[in-house]
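# Structural characterization, general
Each chain, written out:
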Amino acid sequence: DKEKDLGNKAFSQGNFDEAIEHFTHALTLGGPHCVYYTNRAACYLRVSRAEEAQQDAELALKVDATYVKALFRRAQAIEAQGRYADTVTAYKQGLQVMPDSEQLLQGLHSATTKEKEATLRAASASNASSNTSHGASNSDATPIYRLEEAEGSLVVFVELPGRENMQGVDLQLFSGTHISLSLSVFVSISVSVSVS
């Protein structure tokens, strides 16, 4: 426990590499232990070593598959690798163990938003390369999307490169569920909306 305490102290002082050493010593002296693995995983995350953080979280889960902090660290490590769909799955697995965990719920919410943003970026990039290969002009440039969460709603911002205004733009929203739509129309911007 001395090494664990020294690791915690180093961590709280921002000395993450030193903390990693102490938690490694704690594991060497005390054997596999969930707390040592998850604490070292937290250090690895702070020094941008996400794969090692995930490995430690997985090792902690081999010791105790229901250790919530290990489930949380694993999800954080997967998210740090930019694998948002896997991150959503990891947070959901944690919530199966502890459904009321505020950390896991917030993490799931954040990961879900990032997954949607990544999907939109991928679609936008795919359309951009398709437009480029077909010789599209600047005025036909692929829209850029950004998602933000605001007061329980998901807000989509659309940027149209090469356009000075929205005149003649037809926005179509598709959803299998309820759509709530509000538009602010500014001077010289004409927006036509079709809801299917």
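Predicted model, so just to flag it, every value in this text is computed and none were measured. (Residues numbered from 1 in each chain as written. Predicted model: local features only at pLDDT ≥ 70, side-chain atom pairs only at ≥ 80, totals over all residues. Heavy atoms only, no water.)

### Things to note about the packing of helix H4 (residues 50-63) against helix H5 (residues 68-80)
Packing of H4 against H5 brings their axes to within 8 Å, and their N-to-C directions diverge by 155°. For the element pair H4 / H5, the angle class is roughly antiparallel. With respect to the hand of their crossing, H4 and H5 are arranged in left-handed fashion. Residues Ala50, Ala53, Gln54, Ala57, Glu58, Ala60 and Leu61 of H4 form the contact with H5, whose participating residues are Ala70, Leu71, Arg73, Arg74, Ala77, Ile78 and Ala80. Of the residues assigned to the contact of H4 with H5, the class counts are ten nonpolar, one polar and three charged. (Axes fitted to C-alpha atoms, helices over the stretch in contact; angles between N-to-C directions. Helix = DSSP H or I, 4+ residues; strand = E, 2+ residues; numbered from the N terminus. Parallel < 35°, antiparallel > 145°, perpendicular 65-115°, else oblique. Left-handed = near helix turned anticlockwise from the far one by under 90°. Contact = heavy atoms within 4.5 Å. Nonpolar A, V, L, I, M, F, W, Y, C, P; charged D, E, K, R; others polar.)

### Section: the packing of aromatic side chains
Tallying each qualifying case throughout the model produces two aromatic pairs. Plain terms: the ring middles of phenylalanine 11 and phenylalanine 16 are 5.2 Å apart, the flat faces sit at 65° to each other, and that makes the pair edge-to-face. Judged by centre distance (6.2 Å) and plane angle (55°), the ring pair of phenylalanine 72 and tyrosine 91 falls under tilted. Of the two residues, phenylalanine 72 sits in helix H5 while tyrosine 91 sits in helix H6 (residues 84-97), which places them 19 residues apart along the sequence. We classify phenylalanine 72 as buried; its relative accessible area is 9%. For tyrosine 91, a relative accessible area of 2% translates into the label buried. (Phe/Tyr/Trp six-rings, centres within 6.5 Å; stacked < 30°, edge-to-face > 60°. Buried < 20%, exposed > 50% of the residue type's maximum accessible area, 1.4 Å probe, protein only.)

### Side note on the nonpolar core
By size, the foremost hydrophobic cluster in this structure holds eleven residues: Val68, Phe72, Ala75, Ile78, Val88, Ala90, Tyr91, Leu95, Leu104, Leu108 and Ala111. Only H5, H6 and helix H7 (102-133) provide two or more residues apiece to this core. Filtering out sequence-adjacent residues up to four positions away, tyrosine 91 remains in contact with Phe72, Ala75, Gln76, Glu79, Gln103, Leu104, Gly107, Leu108 and Ala111. (Core = buried A, V, L, I, M, F, W, Y, C linked by side-chain atoms within 4.5 Å.)

### So, the confidence of the model for the chain
Mean pLDDT over the chain stands at 79; residues scoring 70 or higher make up 63%. In this model, residues 132-139 is a region of pLDDT below 50 whose contacts with residues beyond four sequence positions or in other chains number five contacts. Low confidence marks residues 174-196, where pLDDT is under 50. Its contacts with residues over four positions away, or in another chain, come to 30 contacts. (pLDDT = per-residue confidence, 0-100.)

### Details of helix H2 (residues 16-30)
For H2, spanning 15 residues, the distance from its first C-alpha to its last is 20 Å, which sits close to the expected 21 Å at 1.5 Å a residue. Phe16, Ala19, Ile20, His22, Phe23, Ala26 and Leu27 are the residues of H2 that are buried. The arc enclosing the buried residues of H2, seen along the axis, measures out at 165°, which places them on a common side. Exposed residues lying more than 90 degrees from the buried face of H2 are Glu21, Thr28 and Leu29. Buried residues belonging to H2 abut helix H1 (2-12) and helix H3 (34-46). (Expected span 1.5 Å × (residues − 1). Arc of directions from axis to C-beta.)

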